Amino acid sequence: MCLAIPVQVKEVLPEDMAKVTLEGVSKIISTALVDDIKVGDYVVLHVGYALAKIDPGEAARTLALIREAAVGDAV
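Owing to the predicted nature of the structure, the values given are computational and were not obtained by experimental measurement.

Rules and cut-offs
Residues numbered from 1 in each chain as written. Predicted model: local features only at pLDDT ≥ 70, side-chain atom pairs only at ≥ 80, totals over all residues. Heavy atoms only, no water. Patch = residues over 30% accessible without salt bridge, like charges linked within 9 Å, V, L, I, M, F, W, Y side chains within 5 Å. Areas by Shrake-Rupley, 256 points an atom, 1.4 Å probe, with all protein chains shown as cover. Salt bridge = Lys/Arg side-chain N within 4 Å of Asp/Glu carboxyl O. Helix = DSSP H or I, 4+ residues; strand = E, 2+ residues; numbered from the N terminus. Core = buried A, V, L, I, M, F, W, Y, C linked by side-chain atoms within 4.5 Å. Buried < 20%, exposed > 50% of the residue type's maximum accessible area, 1.4 Å probe, protein only. Pairing = 2+ DSSP bridges.

A look at a nonpolar patch on the surface
Line of reasoning, step 1. Where nonpolar side chains cluster on the molecular surface, the patch consists of Leu33, Val47, Tyr49 and Leu51 and spans about 430 Å² of accessible area.
Line of reasoning, step 2. Among the structural elements, Leu51 can be located in strand β5 (residues 49–54).

Okay, structure coming up:
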């Protein structure tokens with residue numbers, strides 16, 4: 001199963017790269033597939049690539065659902 005998750009851009013780097021964070025974990029990703037990335041944007045991340053920008057509210061709802069599913073699996 002593949003999963004793409006929302007992450008927030010913390011730093012825009014040269015050569016279509018960016019530093020993103022999720023739950024305190026940072027990662028360098030490719031932004032080559034998405035135009036006009038800015039610090040603070042949320043993007044959908046899949047295997048190291050930003051696939052699309054996502055609205056901050058939608059990102060928050062999606063992350064809440066992922067957290068809920070994770071807690072449900074742990075019980």
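Brief notes about the nonpolar core
General note: in soluble globular proteins, nonpolar side chains tend to be found buried as a group.
Line of reasoning, step 1. By size, the foremost hydrophobic cluster in this structure holds 10 residues: Val7, Val9, Ala18, Val20, Ile29, Val34, Ile37, Val43, Leu45 and Ala50.
Line of reasoning, step 2. Elements with a contribution of two residues or more to this core: β1 (5–13), β2 (17–22) and β4 (42–46).

Observations concerning the pairing of strand β3 (residues 25–30)
Along a regular strand, successive side chains alternate from one face of the sheet to the other.
Line of reasoning, step 1. The sheet contact formed by β2 and β3 spans 6 bridges and is antiparallel. Residue pairing in the sheet places Val20 in a bridge with Lys27 of β3.
Line of reasoning, step 2. A loop of 2 residues connects β2 with β3, the two strands running antiparallel in sequence, and Glu23 in this loop sits at a positive phi of about 55°.

Remarks on the pattern of salt bridges
Opposite charge on two side chains permits pairing when their charged atoms draw close.
Line of reasoning, step 1. In this structure the tally under the stated criterion is 4 salt bridges.
Line of reasoning, step 2. A salt bridge links Asp36 to Lys38; the shortest N-O distance between them is 2.7 Å.
Line of reasoning, step 3. Between Arg61 and Glu58 there is a salt bridge; the shortest N-O distance is 2.9 Å. Here Arg61 and its partner Glu58 are both found in helix α1 (residues 56–74), 3 residues apart, which amounts to about one turn of the helix.
Line of reasoning, step 4. Assessed through its relative accessible area of 48%, Arg61 is described here as partly exposed.
Line of reasoning, step 5. We classify Glu58 as partly exposed; its relative accessible area is 34%.

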